[in-house]
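# What the coordinates show
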Amino acid sequence: MTVNDLRVYYDTPAGTVKAVDGVSFDLRPGERLGLVGESGSGKSTMALALMRMHKPPARIAGGEVLLDGVGDVMKLDDDALRRIRLDRLALVPQGAMNSLNPVMRVRDQLADGIRTHEPGDDRDALAARIRAQLARVGLDADVGGKFPHELSGGMKQRVAIAIGTSLSPSVIIADEPTSALDVVVQRQVMETLRSVQEEIGASVLIVGHDMGLMAQIADRMGVMYAGKLVELAPVHDLFTNPQHPYTRLLIESVPTLMAKRALASIPGVPPTLINVPPGCPFHPRCPSAFEPCDSEVPLPTAQNGRVVSCHLYPEEAA
Amino acid sequence: MTAFLEMTNVSKVFSAGIIRRQHTVAVDDVTMTIDEQSPSILAVAGESGSGKTTLARLLLGVIPPSSGEVIYRGQSVDDLSREQRRTYLREIQPIFQDPFESYNPFYKVDHVLTVPAKKFQLSESKQETTRLIEEALDMVGLQPAETLGRFPHQLSGGQRQRVMVARAMLLRPRLIVADEPVSMVDASLRATILESIRRMKQELGISVVYITHDLTTAYQIADNILVMYKGSVVEAGSVEQVIRDPKHPYTQLLVSSIPQPDPSVPWGAEGEIAGDPESMEVAATGCKFVDRCPAAFEPCRGQRPLLYHEHPSRAAACFQYDKSPALEGQNLDVVFEAQLTSQAVGGSVEPKAN
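As a starting point, this report considers the structure included with it. (Residues numbered from 1 in each chain as written. Chains lettered and ligands numbered in written order. Predicted model: local features only at pLDDT ≥ 70, side-chain atom pairs only at ≥ 80, totals over all residues. Heavy atoms only, no water.)

### Section: the overall build of chain B
Threshold: Only DSSP runs of H or I covering at least 4 residues are called helices, and only runs of E covering at least 2 are called strands; the numbering of each starts at the N terminus. Under the scheme applied here, a residue whose accessible area is under 20% of the maximum for its type counts as buried, over 50% as exposed, and between as partly exposed, the area being computed with a 1.4 Å probe on protein chains only. Any pair of residues with heavy atoms lying within 4.5 Å of one another is described as a contacting pair. Only the protein chains shown count as covering a residue, and every accessible area follows the Shrake-Rupley method with a 1.4 Å probe. Within this scheme the basic residues Lys and Arg register as positive and the acidic residues Asp and Glu register as negative, but His and the chain ends are omitted. A charge is said to be at NZ when it belongs to Lys, at CZ for Arg, at CG for Asp and at CD for Glu.
Secondary structure summary: chain B contains 12 helices and 12 strands in total. Expressed as lengths along the three principal axes of its C-alpha atoms, the size of chain B is roughly 70 × 55 × 50 Å. Counting across all 354 residues of chain B, residues that qualify as buried make up 55%. Taking the contacts inside chain B whose residues are at least 6 apart along the sequence as the reference set, 65% of them involve residues at least 24 apart. By element, 50% of the accessible surface of chain B is carried by carbon and sulfur atoms, the whole surface being about 15600 Å². Taken as two groups, the 35 positive and 44 negative side-chain charges of chain B have centres that lie 6 Å from each other.

### Things to note about the nonpolar core
What tends to happen in soluble globular proteins is that the nonpolar side chains get buried as a cluster. Our working definition: The nonpolar core is taken to be a set of buried Ala, Val, Leu, Ile, Met, Phe, Trp, Tyr and Cys residues, with the residues joined through side-chain atoms within 4.5 Å.
Membership of the largest hydrophobic core comes to 68 residues, with the highest contact counts inside it found for B:Val163, B:Tyr210, B:Leu215 and B:Ile225. The dominant element in this core, judged by the number of residues it contributes, is helix α6 (residues 157–170) of chain B, at seven residues. Formed by 62 residues, the second largest nonpolar core is a distinct cluster that contains A:Ala19, A:Val159, A:Val254 and A:Phe282.

### Let's talk about the sheet that holds strand β1 (residues 5–16) of chain B
Residue and element names in this part refer to chain B. How we decide: Paired strands, as defined in this entry, are two strands with at least two bridges between them according to DSSP.
As summarised here, the arrangement of the four strands in space is β2-β1-β4-β5, forming an open sheet in which the pairing is antiparallel. Edge positions in the sheet fall to β2 (22–34) and β5 (75–76), since each of these pairs with one other strand and no more. Direction of pairing for strand β4 (residues 67–72) relative to β5: antiparallel, over a ladder of two bridges. From the neighbouring strand, Ile71 faces β5, where its bridge partner is Ser76.

### Some words on α6(B)
One full turn of an α-helix is made of 3.6 residues, so residues set three or four places apart face in the same direction. All names here are of chain B. Worth spelling out the cut-off: Residue count minus one, scaled by 1.5 Å, sets the expected span of a helix.
The first and last C-alpha atoms of α6 sit 20 Å apart over 14 residues, in line with the 20 Å expected at 1.5 Å per residue. Of all 14 residues in α6, 13 are buried; the element is thus mostly enclosed. The positive-phi residue at the C-terminal boundary of α6 is Arg172, with phi of around 50°.

### Let's talk about the interface of chain B and chain A
Stated formally: Throughout, the accessible surface (probe 1.4 Å) given up by two parts as they are put together, summed over both, is called the buried area. Throughout this description, the term salt bridge denotes a Lys or Arg side-chain nitrogen within 4 Å of a carboxyl oxygen of Asp or Glu. What qualifies as a polar contact is a pair of N or O atoms within 3.5 Å, subject to a donor-acceptor requirement within protein and to the restriction that residues adjacent in sequence count only when both atoms come from side chains.
Tallying the contact residues gives 51 residues for chain B and 42 residues for chain A. For the pair chain B and chain A, the summed buried area comes to about 3900 Å², and 58% of that belongs to carbon and sulfur atoms. Connecting chain B to chain A are zero salt bridges. The tally of links from chain B across to chain A stands at six residue pairs in polar contact (both at pLDDT 80 or more). At the level of elements, α7 (187–204), α8 (215–221), α9 (239–244) and α10 (249–257) of chain B are the ones that each hand at least two residues to the side of chain B that touches chain A. Sort the elements by how many residues they give to the side of chain B that touches chain A and α7(B) lands first, with eight residues.

Treat this as a map of the structure, not an account of what it does.
In structure tokens:
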């Protein structure tokens with residue numbers, strides 16, 4: 001999947017909120033791409049917009065999302081869009097507790113998607129598929145007969161993964177898939193997502209805010225700030241040698257168990273997206289800001305397999 | 001000398017259901033002291049359903065214990081006079097998780113600061129009140145001019161939570177009970193709030209009970225920690241001992257499950273523990289963790305383990321350590337570090353600098 005210059009704006013009475021403002025990246029086959037950002041950075045808006053599941057007043061203001069064998073998702077008509085969702089491009093939503101239908105049994109919710117996209121299975125074949133799908137995410141077959149309220153948070157999130165992967169999509173978008181779970185369950189659910197993704201060979205875009213989680217699960221990682229992708233790099237490079245000052249401060253602000261140290265925080269507050277500072281949106285908080293930063297928007301420059309949007313890194317080998 | 005706040009064998013049982021009545025032991029036999037002389041930060045850590053929030057509510061006097069007593073300055077919280085209860089409510093201040101729900105959206109943020117100031121008659125005059133409020137805001141790193149007069153929605157989550165810290169501080173409490181104060185705040189702003197909590201201890205001598213599911217922040221700001229599982233204390237002691245060298249298999253599981261922000265540190269440990277804690281029934285007898293424990297052996301099913309004092313500043317409720325003596329009266333005080341220093345040197349020691 002390739003995303004080019006995607007823009008998602010919200011029209012509000014107070015003005016236009018540029019939640020996603022010119023984001024470009026590609027999602028390689030089979031990779032896990034992490035996308036972090038603080039609340040209000042536009043990461044969740046983007047995750048939903050990639051599937052055109054954003055809700056008004058959000059609107060796609062420009063850009064394209066090219067999916068192999070499908071073309072530009074942004075240009076599909078409703079019918080074509082319905083056909084690729086779940087089948088090619090699937091969402092594992094944030095907080096599965098709120099995304100499952102409370103009055104439908106788990107197996108019926110699983111069957112719903114399979115039946116719509118791939119009709120023709122007889123009852124037994126469908127039941128077998130559902131059982132296999134539940135087993136794949138580590139759930140017993142009897143979970144199929146239960147209602148969501150009978151399940152724990154971790155089990156509900158597994159059900160969401162089972163639904164999202166039921167048609168072996170080529171791209172999975174996971175929006176904060178474990179943010180409501182305890183650490184032990186979080187690890188189990190993440191391992192499940194990883195094993196299913198590897199099994200079906202899908203690429204996955206994981207959106208979240210937990211740097212630790214991303215470090216453990218992602219192959220490459222992108223950092224969003226104020227609607228822009230400020231850095232994108234292989235996860236190891238990003239943590240050992242962050243280029244963008246925001247990435248560096250963000251990593252430093254994460255407490256670890258390695259050593260006690262003064263807790264670092266990033267001075268200032270994130271901008272409201274209705275009133276983004278001119279130039280680089282991070283410049284009012286940036287310790288390395290210099291002369292062009294408050295007037296010119298830094299463009300993404302590619303270097304050594306990573307992309308950085310910062311005036312500190314002029315077009316080296318762009 | 002009477003201690004500031006004591007819990008003696010405190011338990012809390014919640015009952016639900018009419019026909020098949022179910023009892024949930026949310027807090028199971030906790031004994032500890034919060035001392036005024038040696039302020040410290042005590043982290044109470046556990047997953048959802050561990051009873052950590054119930055423990056906080058017991059300390060705050062919001063709910064009464066089912067058995068045992070919460071004792072405030074030598075007197076059971078149940079028997080406080082009106083006047084004493086008023087002081088108790090001022091001296092122990094809560095900070096809650098959600099910095100949005102704590103506000104009435106129709107009032108300016110000033111409201112949460114002026115109302116308690118009036119209610120507890122903190123000052124003689126309006127000017128004095130304003131000065132106190134500005135001082136408290138300063139302490140948490142907020143500009144009074146930019147904060148007062150605004151509505152809650154005009155502040156960021158981090159700012160709202162800092163106003164709540166300022167509110168707690170304004171009342172000059174002796175103890176602050178902070179229930180997940182940073183779990184809804186962004187990473188880059190989390191540190192500021194934790195830092196203001198730490199300053200409360202260091203500069204104002206206020207003790208803090210920091211309730212959290214996040215062992216990393218607990219490690220960073222707390223002196224001592226108490227790890228709960230299904231209502232029971234499974235391990236307690238100084239953070240250095242408990243988090244750097246956990247002894248109880250449950251604490252070990254928690255620590256190894258934390259994803260470290262370093263791709264070269266592996267996630268998870270050998271001996272993967274199965275089971276979904278949220279849906280597990282607690283064994284009626286024996287150790288509550290036995291069905292998930294990789295180290296379980298035969299005594300674990302027979303009876304509940306006591307807290308064994310296997311290190312001067314750590315105790316673990318696990319039969320692997322039953323060669324060590326059990327904590328006397330299961331009282332946690334001896335393993336908590338600030339208390340150790342104060343006893344040794346005579347009560348006026350500055351808390352351990354981090």
